[in-house]
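Each chain is listed here by its residues.
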Amino acid sequence: MESFPMPPSPWHHQRNANVADDIDFDIKGQELQFLEIELDPGESAVAEAGAFVWKDASIEMTTVFGDGAGDQGGGFMGKLLGAGKRLITGESLFTTVFTHTGQGKARVAFASPTPGSILPLNLGQLGGTLICQKDSFLAAARGVSIGIHFQKRMMTGLFGGEGFIMQKLEGDGWVFVQMGGTLVERELAPGEELHVDTGCLAAYTPGVDFDLVMAGGVKSVLFGGEGLFFARLRGPGKVWIQSLPFSRLAGRMMQAASGQGGNQGEGSLLGGLGGLIGGNR
């Protein structure tokens, strides 16, 4: 039987020995990806609870309260506050720290719980901060902290797709975030604007101004199926867009399970008749 090589890894990074807390990693797969991190002796990685897939035996696993960022300050109350922030942004109260205690190299792997892409970002190259959708953190080099970003505008918080609270990742190392579908990265020049479906906005750098604009006229709002608002993003900064938010996928699955989805057009007055003809009723 003829064998075929696996497709190349979409993301690969080899650590720089001159950079502290730099790590080797591979992201494997295309639609259902998983992340492999290679650790040197004494190095640690932090992951969201439940993301673990496999590890070498020399890597020890420890569950910690909060984000495992190290010195969180304030003793127990500081850790409690950090854990509370994680809970508000959709994460677990606990994270898991994986530390290589043996010799040579060792690997540990993590996977996203939903179909989509794993995006590696070096926070040190982004100014130290990334704002992203809730529940997007997957793993990181130890030292990255998970905080809260509050929307400053009332309308943005109410209709912006992610509510008033988004996730804020801070540090100077690698962080891995999970997004739905395929990812697109856009770099906006000062004053440049981009309109995005509110659910498809995955992440952006703090210099980007996030506001809302009307999706069009009354006809578009009532019958266009795209909601009342678009996210208006104004540069300078970087923006990451996800093609399939998990909420959209879950909604389609629920429609299909209840017999309301299928092959008929969304919002069509003939949808019921199409369901009967197509055998979906």
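Our structure is the block above this text.
Keep in mind the model is a prediction, meaning the values are calculated, not measured.

*Asks:* Kindly report on the nonpolar core, identifying the contributing residues and their values.
*Replies:* Ranked by size, the top nonpolar core spans 20 residues in total, and within it Ile23, Phe25, Leu35, Ile37, Phe110 and Phe176 carry the most contacts. Excluding anything up to four places from it in sequence, Ile37 contacts Ile23, Asp24, Phe25, Ala45, Ala106, Arg107, Val108, Phe110 and Phe176. Counting residues in each nonpolar core, the second largest holds 17 residues, with Leu130, Cys132, Val175 and Val177 among its members.

*Asks:* Explain a nonpolar patch on the surface to me, and be specific about the residues and the numbers.
*Replies:* Residues Phe52, Val53, Trp54 and Met61 make up a contiguous nonpolar surface patch of roughly 360 Å² in combined accessible area. Residue contributions to the nonpolar patch peak at 3 residues, all from strand 5 (residues 52-55). When you line up the elements, Trp54 lands in strand 5.

*Asks:* Tell me about the side chain of Glu38, and name the residues and values.
*Replies:* Here Glu38 is to be found in strand 3 (residues 34-39). Reaching out from Glu38, the side chain makes a polar contact with the side chain of Arg107 at a distance of 3.3 Å. Here Glu38 is in contact with Ile23, Asp24, Glu43, Lys105, Ala106 and Arg107, once residues within four sequence places are set aside.

*Asks:* So, the sheet that holds strand 11 (residues 137-141): which residues are in play, and what are the values?
*Replies:* Strand order across the open sheet formed by 6 strands is 6-7-4-11-14-9, with antiparallel pairing between neighbours. Since the sheet does not close on itself, it has two edges, and those belong to strand 6 (59-65) and strand 9 (116-122), each with one partner. Each neighbouring strand pair of the sheet contributes to a mean axis angle of 20°, computed without reference to strand direction. Bridge analysis of strand 4 (residues 44-48) against strand 7 (residues 94-100) gives 5 bridges, and the strand direction is antiparallel. Bridge pairing in strand 7 places Ala45 opposite Phe98.

*Asks:* Describe the sheet that holds strand 13 (residues 165-170), with residues and values.
*Replies:* Overall, antiparallel pairing links the 6 strands, which are arranged 12-13-10-17-20-15 in an open sheet. The open sheet is flanked by strand 12 (145-150) and strand 15 (183-188), the only strands paired with a single partner. Each neighbouring strand pair of the sheet contributes to a mean axis angle of 25°, computed without reference to strand direction. Of the pairings in the sheet, the one linking strand 12 to strand 13 comprises 6 bridges and is antiparallel in character. For His149, the partnering residue across the bridge sits in strand 13 and is Met166.

*Asks:* Could you give an account of unusual backbone geometry, with specific residues and numbers?
*Replies:* Geometrically, the link from Gly235 to Pro236 is a cis peptide bond, its omega value of 20° lying close to zero. Here Pro236 shows up in the loop between strand 19 (229-234) and strand 20 (237-242). Even without being glycine, Asp135 reaches a positive phi, approximately 65°. Among the structural elements, Asp135 can be located in the loop between strand 10 (129-132) and strand 11. Residue classification places Asp135 among the partly exposed residues on the basis of a relative accessible area of 41%.

So, how was this worked out
- Along each chain, the written sequence defines residue order, and numbers are assigned to residues from 1.
- Residues qualify for local features only when their pLDDT is at least 70, as the model is predicted, and side-chain atom pairs are given and counted only at 80 or more; totals for whole chains, interfaces and linings, by contrast, use all residues.
- Values shown for side chains rest on all heavy atoms present in the structure; no hydrogens or waters enter the calculation.
- Among the buried residues, those of types Ala, Val, Leu, Ile, Met, Phe, Trp, Tyr and Cys that are joined through side-chain atoms within 4.5 Å form a nonpolar core.
- Each residue gets one of three labels from its accessible area relative to the maximum for its type: buried under 20%, exposed over 50%, partly exposed in between, using a 1.4 Å probe on protein chains only.
- Contact definition: two residues touch when any of their heavy atoms are within 4.5 Å.
- Each patch groups residues whose relative accessible area exceeds 30% and which form no salt bridge, using 9 Å between like charges and 5 Å between nonpolar side chains of Val, Leu, Ile, Met, Phe, Trp and Tyr.
- Residue-level accessible areas treat just the shown protein chains as cover; the underlying method is Shrake-Rupley with a 1.4 Å probe.
- Whenever Lys or Arg places a side-chain nitrogen within 4 Å of a carboxyl oxygen from Asp or Glu, that contact is recorded as a salt bridge.
- Helix and strand assignments come from DSSP, with helices taken as H or I runs of at least 4 residues and strands as E runs of at least 2, each series counted from the N terminus.
- Whenever a nitrogen or oxygen atom comes within 3.5 Å of another N or O atom, the pair is scored as a polar contact, on the condition that within protein one atom can donate a hydrogen and the other can accept it, and that pairs from neighbouring residues in sequence are kept only if both atoms are in side chains.
- A strand pair is defined by DSSP finding two or more bridges across the two strands.
- Note on definitions: angles span 0 to 180 degrees between N-to-C directions of axes, and those axes are lines fitted to C-alpha atoms, for helices only across the stretch in contact.

Don't take any of this as a statement about function, it's just geometry.
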